[in-house]
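One-letter residues, chain by chain:
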Amino acid sequence: MQRTIKQHYIPRFYMKNFYIKNTKKFDVLDKLNRYAPISQSKNENFKNLFQVENLYENCNENTNHIETEILAKDYEDIMKKDLENIINKIQNRSSLNINDKVILRTLALQMSIRGPYGVKAIEEKYNNVNDRERFFKYSFANDEHSQEKRKVADIIQGYFDVIVFTTQNSSFILSDCFSLKMLTNTIKNTRSKEIDVLNYVNIYPLTKDILICIINNKNEVIKVDKLFVELLPQEVSCINKLMMCHSDRYCIGDLSRYKSHIHNDLNDTKVYEDKFLDILEKYKIINRRCKSGKTNKIKKKSL
């Protein structure tokens, strides 16, 4: 069986969506490089980004089954084809069907599972290697049994809808945290009585021009008024800076505008969190008028 040593928790085909315009390379933010944190990388250096040596083998007692038989064989080729179809629809401003939206929602969860934090959580939750392998197969494999289990999981997770943020004059970046999840209480008028409803919003970049925003609600059907929202350059910049703050080490994309003040940007997490919430409220995605006094929180990827 072929052994893959550098195991990528963000696929290399996905990274290509963040090339600088009209090039086949991108800037790389390395937060461990204090003196020159942002540099430019050619595509042959993909193998050194968003990877951990033997990440899945350590989880699976030194077998390569998860990497070669589940993630690479059953999952990534299908994911690539599905996302290409969705990206094409978005670029043509076509509507997304429910299957497209389920794919986008499932991707956020799957990417959190296959990253270092997700793998560590699986190791802590399941002592038995067979149980860990079964969990990955249930989460990623495309056999009929796994697909049926995922349908049940979608029902349990509750209602959701998708908003697509786009940009024409700026570029979204890709971070090793992949997505940001925000818990919030919205207020709904129900029979003239205001009630608190637990909601969360999950965002992640699909390409340098597309950011996916998933609105989740366990109790009420969600239906957004419009599918596409074009963000202003300063709003894109805010989201990028928040992604940089929450990353563990790497971000990629067009980072040229951040080079001169990167050290200050990485120290302003709370400022960008507040601005991010303002953006969501501006486009009527959330309502922060919370009577219970609970605060909104942004979470790193988690199971």
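Our subject is the structure that appears above.
Described below are features of the structure shown in this document. Positions within a chain are numbered from 1, following the residues in the order the chain's sequence is written. Two thresholds apply to this predicted model, a pLDDT of at least 70 for residue-level local features and 80 or more for giving and counting side-chain atom pairs, whereas whole-chain, interface and lining totals are computed over all residues. No hydrogens and no water enter the side-chain calculation; it runs on all heavy atoms of the structure.

**Focus: the environment of Ile-86**
Argument step 1. Mapped onto the fold, Ile-86 is located in helix α3 (residues 65-91).
Argument step 2. To sort residues, take the accessible area from a 1.4 Å probe on protein chains only and compare it with the maximum for the residue type: under 20% means buried, over 50% means exposed, and anything in between is partly exposed. A relative accessible area of 0% places Ile-86 in the buried class.
Argument step 3. Sequence-wise, Ile-86 and Asn-97 are 11 residues apart; in three dimensions their C-alpha atoms are separated by 9.6 Å.
Argument step 4. If we ignore the near neighbours within four places in the chain, the residues touching Ile-86 are Leu-96, Asp-100, Ile-103, Leu-104 and Leu-206. Each helix corresponds to a stretch of at least 4 residues labelled H or I by DSSP, and each strand to a stretch of at least 2 residues labelled E; elements are numbered beginning at the N terminus. Note on contacts: a residue pair is in contact if any heavy atoms of the two residues lie within 4.5 Å.

**Side note on the pairing of strand β9 (residues 210-217)**
Argument step 1. Buried residues dominate β9, accounting for eight of its eight residues.
Argument step 2. Of the two faces of β9, the one holding Ile-210, Ile-212, Ile-214 and Asn-216 and the one holding Leu-211, Cys-213, Ile-215 and Asn-217 are both buried throughout.
Argument step 3. Here, any two strands with at least 2 DSSP bridges between them count as paired. Bridge count for strand β5 (residues 159-166) against β9 is eight bridges, and the pairing is antiparallel. When the bridges of β9 are listed, Val-164 appears paired with Ile-212.

**A word on the packing of aromatic side chains**
Argument step 1. Any two rings among Phe, Tyr and Trp, with Trp reduced to its six-membered ring, count as a pair given centres within 6.5 Å; such a pair is stacked if its planes are under 30 degrees apart, edge-to-face if over 60, and tilted if neither. Applying the stated criterion to the full structure yields 12 aromatic pairs.
Argument step 2. Here the aromatic rings of Tyr-126 and Phe-135 are separated by 5.6 Å at their centres, their planes lie at 45°, and the arrangement is tilted.
Argument step 3. Ring geometry for Phe-178 against Tyr-204: centres 5.1 Å apart, planes inclined by 25°, an arrangement best described as stacked. On the criterion of sequence distance, the pair formed by Phe-178 in the loop between β6 (174-175) and β7 (180-190) and Tyr-204 in strand β8 (residues 193-207) is long-range, its members being 26 residues apart. For the pair formed by Phe-178 and Tyr-204, the shared burial category is buried.
Argument step 4. By the ring-pair criterion, three or more aromatic residues cluster together here, those being Phe-13, Tyr-14, Phe-18, Phe-178 and Tyr-204.
Argument step 5. For Arg-93, the ring lying beneath its charged end belongs to Phe-228, and the centroid distance is 4.8 Å. The rule for a charge over a ring is simple: NZ of Lys or CZ of Arg within 6 Å of the ring centre, and within 35 degrees of the ring normal.

**Quick word on the nonpolar core**
Argument step 1. Grouped together as the largest cluster of nonpolar side chains are 50 residues, with contacts concentrated most on Tyr-14, Phe-136, Leu-206 and Ile-212.
Argument step 2. The element best represented in this core is α3, accounting for nine residues.
Argument step 3. Apart from residues no more than four positions distant in its own chain, Tyr-14 is found in contact with Leu-83, Leu-107, Leu-174, Phe-178, Tyr-204, Pro-205 and Leu-206.
Argument step 4. Take the buried Ala, Val, Leu, Ile, Met, Phe, Trp, Tyr and Cys residues and link them wherever side-chain atoms come within 4.5 Å; each set so joined is a nonpolar core. Counting 35 residues, the second largest nonpolar core, distinct from the first, contains Ile-173, Ile-215, Met-243 and Leu-255.

**Quick look at the packing of helix α4 (residues 98-114) against helix α6 (residues 129-140)**
Argument step 1. Here an angle of 0 to 180 degrees is reported between the N-to-C directions of two axes, which are lines fitted to C-alpha atoms, with helices fitted over the stretch in contact. Viewed as axis vectors pointing N to C, α4 and α6 meet at an angle of 155°, and their least axial separation amounts to 10 Å. In this view, α4 runs roughly antiparallel relative to α6, as classed from their interaxial angle. The handedness of the crossing between α4 and α6 comes out as left-handed. Across the interface between the two elements, Gln-110, Ile-113 and Arg-114 from α4 touch Phe-135, Phe-136, Ser-139 and Phe-140 from α6.
Argument step 2. Its residues placed into classes, the contact of α4 with α6 shows four nonpolar, two polar and one charged. Should an angle fall under 35 degrees it is called roughly parallel, over 145 degrees roughly antiparallel, and 65 to 115 degrees roughly perpendicular, with every other angle called oblique. Crossings are classed by handedness, with left-handed meaning an anticlockwise turn of the near helix from the far one by less than a right angle and right-handed meaning a clockwise turn. Only Asp, Glu, Lys and Arg are considered charged in this grouping, and only Ala, Val, Leu, Ile, Met, Phe, Trp, Tyr, Cys and Pro are considered nonpolar; every other residue, Gly among them, is considered polar.

**A look at the pattern of salt bridges**
Argument step 1. We define a salt bridge as a contact between a side-chain nitrogen of Lys or Arg and a carboxyl oxygen of Asp or Glu at a distance within 4 Å. Scanning all chains against the criterion turns up eight salt bridges.
Argument step 2. As a salt-bridge pair, Lys-101 and Asp-161 come within 2.8 Å of each other at their nearest N and O atoms. Residue Lys-101 is located in helix α4, and its partner Asp-161 is located in strand β5; the two are separated by 60 residues in the primary sequence.
Argument step 3. The closest approach of N and O atoms between Lys-208 and Asp-209, which form a salt bridge, is 3.9 Å.
Argument step 4. Residue Asp-209 is classed as partly exposed on the basis of its relative accessible area, which comes to 28%.

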